[in-house]
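Letter by letter, the chains look like this.
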Amino acid sequence: MLLFRSLLCAIGLAGVVYAKSSKGDSVLVVVEPKQQDNYSIFFNGLREQGYDITFRAPKAETPAVIEFDAPSFAHVILFAPDTKILAKDLTPQSVVDLLSHNTNVIVALSSKQTAISTLAAEFSLVLPPPGSPLMSYFPERTDPATVVPVPVPASHPMLTPNLPPVWFSGVPHSLGNNPLLVPILRAPSESFAAEIDGGSADALVDAAERGGEGLWAGSQLGLVTGFQTLNGARITWVGGVDIFSDEFANKEVVKGLKSGNEQFVRDISAWTFHESMVLRIDETTHHRVNSTTPLEQYTTNDQIVYEARISSYDPKTTTWVPYSGLKDLQLEFTMLDPHIRTALLPVKGQPGKYSVTFRAPDRHGVFKFVINYKRKGLTYLQSSTTVAVVPPRHDGYPRFLSAAWPYYTGAISTSIAFFLFSAIWLAADSRDQKKGKGHKSE
Amino acid sequence: MPLKSSPAQPPAATNAVQTLWKAYNDQTPDRLKFIDAFLFFLMLSGVAQFLYCVLITDFPFNAFLAGFSSNVGQFVLAASLRSQVNPENKNEFKEVSPERAFADFALGSIVLHFFVYNFLG
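Residues numbered from 1 in each chain as written. Chains lettered and ligands numbered in written order. Predicted model: local features only at pLDDT ≥ 70, side-chain atom pairs only at ≥ 80, totals over all residues. Heavy atoms only, no water.

1. So, the packing of aromatic side chains
Under the criterion given, the structure shown has 36 aromatic pairs over all chains. Judged by centre distance (4.6 Å) and plane angle (15°), the rings of Phe421(A) and Phe38(B) are stacked. Of this pair, Phe421(A) sits in helix 8 (residues 405–441) while Phe38(B) sits in helix 2 (residues 30–56), which puts the two residues in different chains. Here Phe421(A) and Phe38(B) have matching classes, each one buried. Taking 5.9 Å as the distance between ring centres and 20° as the angle between the ring planes, the aromatic pair formed by Trp21(B) and Tyr24(B) counts as stacked. Separated by three residues within a single helix, Trp21(B) and Tyr24(B) lie in helix 1 (residues 2–27), roughly one turn from each other. The ring centre of Trp167(A) lies 4.7 Å from the NZ or CZ of Lys251(A), which sits over that ring. (Phe/Tyr/Trp six-rings, centres within 6.5 Å; stacked < 30°, edge-to-face > 60°. Helix = DSSP H or I, 4+ residues; strand = E, 2+ residues; numbered from the N terminus. Buried < 20%, exposed > 50% of the residue type's maximum accessible area, 1.4 Å probe, protein only. Lys NZ or Arg CZ within 6 Å of the ring centre and 35° of its normal.)

2. Focus on the domain arrangement of chain A
Residues and elements named next belong to chain A. When cut into domains, chain A gives domain 1 (16–272) and domain 2 (279–390). A straight line from the C-alpha centre of domain 1 to that of domain 2 covers 37 Å. Residue-level contacts link 15 residues of domain 1 with 11 residues of domain 2. Both sides of the domain 1 and domain 2 interface together cover about 950 Å² of buried area, and 46% of this is carbon and sulfur. Summed over the shared surface of domain 1 and domain 2, the number is zero salt bridges. In this assembly, domain 1 and domain 2 are joined by eight residue pairs in polar contact (both at pLDDT 80 or more). (Domains from an automatic or database assignment. Contact = heavy atoms within 4.5 Å. Buried area = accessible area lost by both parts, 1.4 Å probe. Salt bridge = Lys/Arg side-chain N within 4 Å of Asp/Glu carboxyl O. Polar contact = N/O pair within 3.5 Å; in protein donor to acceptor, adjacent residues only side chain to side chain.)

3. What to know about the pairing of strand 27 (residues 381–390) of chain A
Residue and element names in this part refer to chain A. Residues Leu381, Ser383, Thr385, Val387 and Val389 of strand 27 are buried on one face, while the alternating residues Gln382, Ser384, Thr386, Ala388 and Val390, pointing to the opposite face, are not. Pairing of strand 19 (residues 297–299) with strand 27, which is carried by three bridges, proceeds in the parallel orientation. Within strand 27, the position partnered with Gln297 by the bridge is Ala388. Direction of pairing for strand 26 (residues 365–373) relative to strand 27: antiparallel, over a ladder of nine bridges. (Pairing = 2+ DSSP bridges.)

4. A look at unusual backbone geometry
Residue and element names in this part refer to chain A. Going from Thr62 to Pro63, the amide bond is cis rather than trans, its omega being -10°. Mapped onto the elements, Pro63 comes out in the loop between strand 2 (52–56) and strand 3 (66–67). A positive phi angle, close to 70°, is found at Asn301, a residue other than glycine. Relative to the helices and strands, Asn301 is located in the loop between strand 19 and strand 20 (303–314). The backbone phi angle of Thr318 is positive, close to 50°, even though this residue is not glycine. Relative to the helices and strands, Thr318 is located in the loop between strand 20 and strand 21 (319–322).

And the structure:
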């Protein structure tokens, strides 16, 4: 028993030491037990990175993905595209629940219509009718036309640069205009979805006309597409589960060149599991120029300095390191509308620090410093700090302005004139009285 | 016809102005003339400030309001003093002696100037 416990403890420690994800390292894989070994390269790669993998058959009830309203795993992989009906807690609704609990999901699709494939539409992915996988007759090869070598984009922030083409077999999707989508892999331009897998040509044409998609053909189709929800959870839709398979990982694209599958699936799982392209705002501060203490309220027209520190996650050392790579970060100073929107640029010589100096608007009210940085693939950076902007105090205004001297002169001369007038009037009064007296005495 | 009448009119106009000026000089008591001089000064000062405000700057607007309203207020007070001490208005102001009128004027002016300097900035 003691041995068992210390063993558990050691495993736990190892998990901490080698953990690569910034969100936790427990992974649930939903896969038919028979097919489990088909993806051993992918799963072993995850294990080597330090992930703790639990397998579960698609129709098994345990382990539950969400227990007592808390997700049991940090990441979930759904590799059961052909299973018509999954267990009760793997419905489309529960996938959405997982995402809202910040659990990351990889979903593999197939050309069969299942409950999960209907969910793709909710993520702005439009699938062709059932039974219409991707096929291509180019380049000429001995494999069936549905096994397609797909060139990988040479410079994609998520992927290792200059990967060889990857083998793909599965269903394409066209992308809606949802801004949260992150296209990763596109279909080759000479490929198309065809009704060879039990579908019908008429259905394909009808669906194309009805959806306004045109035909499912060409390089606008997506094969692997990520989606980052507003709360930061990541889900990756993969058109076919075979892209993860050992067979495709070891298959040569041309003689002597192994396919890029192994590295490609590791890259997309690294993105989905919050290893790569993960940023955070460590702290934000604000103060007046020539001061360091942050104020709760600023005066109109103050010169304000705003600073943010941003880190990115480094999966190799599992630490957060200062990151100065953002060139298009913006700061907004907002009261209902952004009164000021300015570039928040990295400070040279101070890694991770971004700073801007600006003049507070000539407008008092409750303002917010807002950073709202949403870019495809990157963690969304959001920060909001509320401060008050007040008019100057009664004694804070400038006095004795040179422009106002005519008015000062006017007021002062009026007073002087009033005193002179009164004095002369009273003097004339007393003279009149003397005269009057003299007249009376006469 | 207009050619003939137009040279004839200016002399008539000048005559009217001259007559008015002469009558004013002859018939107005010295005290009222003195008040009128004060009123004239206030009017000039007010016009000058107003022009400065319109043409150059109204920037410390409170200063303009203070300076201009001190002129206007002083003008109103002085004008009411003039009507109260005018011997021709004796029947109108039976209860107000000239001394009382001047005391009212002085008190009102002091209060006015107090506000003006508070507002001048």
